[in-house]
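Listed below, chain by chain, are the residues.
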Amino acid sequence: MLVEVKWKDLSEREAKKILKDLEERGELLRLEGWEKFYGLVKGKKELRENGW
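Residues numbered from 1 in each chain as written. Predicted model: local features only at pLDDT ≥ 70, side-chain atom pairs only at ≥ 80, totals over all residues. Heavy atoms only, no water.

> How would you explain the overall build of the protein if you had to name every residue and give the values?
Within the protein, the secondary structure is distributed over two helices and two strands. For the protein, the sequential pattern of α-helices and β-strands runs β-α-β-α. Over its C-alpha trace the protein gives a radius of gyration of 13 Å, far above what one expects of a compact globule, namely 10 Å for 52 residues. In terms of overall dimensions, the protein has a C-alpha envelope of 40 × 25 × 10 Å along the principal axes. Looking at the protein as a whole, 15% of its 52 residues qualify as buried. Surface summary for the protein: the accessible area is close to 4,800 Å², and the carbon and sulfur share equals 53%. Side-chain charges in the protein split into 13 positive and 12 negative, and the spacing between the mean points of these groups amounts to 5 Å. (Helix = DSSP H or I, 4+ residues; strand = E, 2+ residues; numbered from the N terminus. Rg over C-alpha atoms; globule rule 2.2 N^0.38 Å. Buried < 20%, exposed > 50% of the residue type's maximum accessible area, 1.4 Å probe, protein only. Areas by Shrake-Rupley, 256 points an atom, 1.4 Å probe, with all protein chains shown as cover. Lys, Arg positive; Asp, Glu negative; His and termini not counted. Charge placed at Lys NZ, Arg CZ, Asp CG, Glu CD.)

In structure tokens:
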């Protein structure tokens, strides 16, 4: 699983770019045959409200 955390508000365009970049970096790991998952954590307000 490859995940990136962003603390600023992102537009949909920015979020898609980050996920595409993660996917490209994931290919560099040469994990043929492995199932890969990509994620983006955002929502600073919600995380802070939950004690993070």
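> Give a description of the environment of Ile18 that names residues and reports values.
Within the secondary structure, Ile18 sits in helix 1 (residues 12–28). A C-alpha to C-alpha distance of 9.9 Å links Ile18 and Val5, two positions 13 residues apart in sequence. Every residue in contact with Ile18, bar those within four places of it in the chain, is listed here: Glu4, Lys6, Leu10 and Leu40. (Contact = heavy atoms within 4.5 Å.)

> Tell me about the confidence of the model for the protein, and please be specific about residues and values.
Put simply, the protein has an average pLDDT of 85, and 94% of its residues get 70 or more. Element-level pLDDT for the protein is lowest in helix 2 (residues 44–49), with a mean of 72, against a maximum mean of 90 in helix 1. (pLDDT = per-residue confidence, 0-100.)

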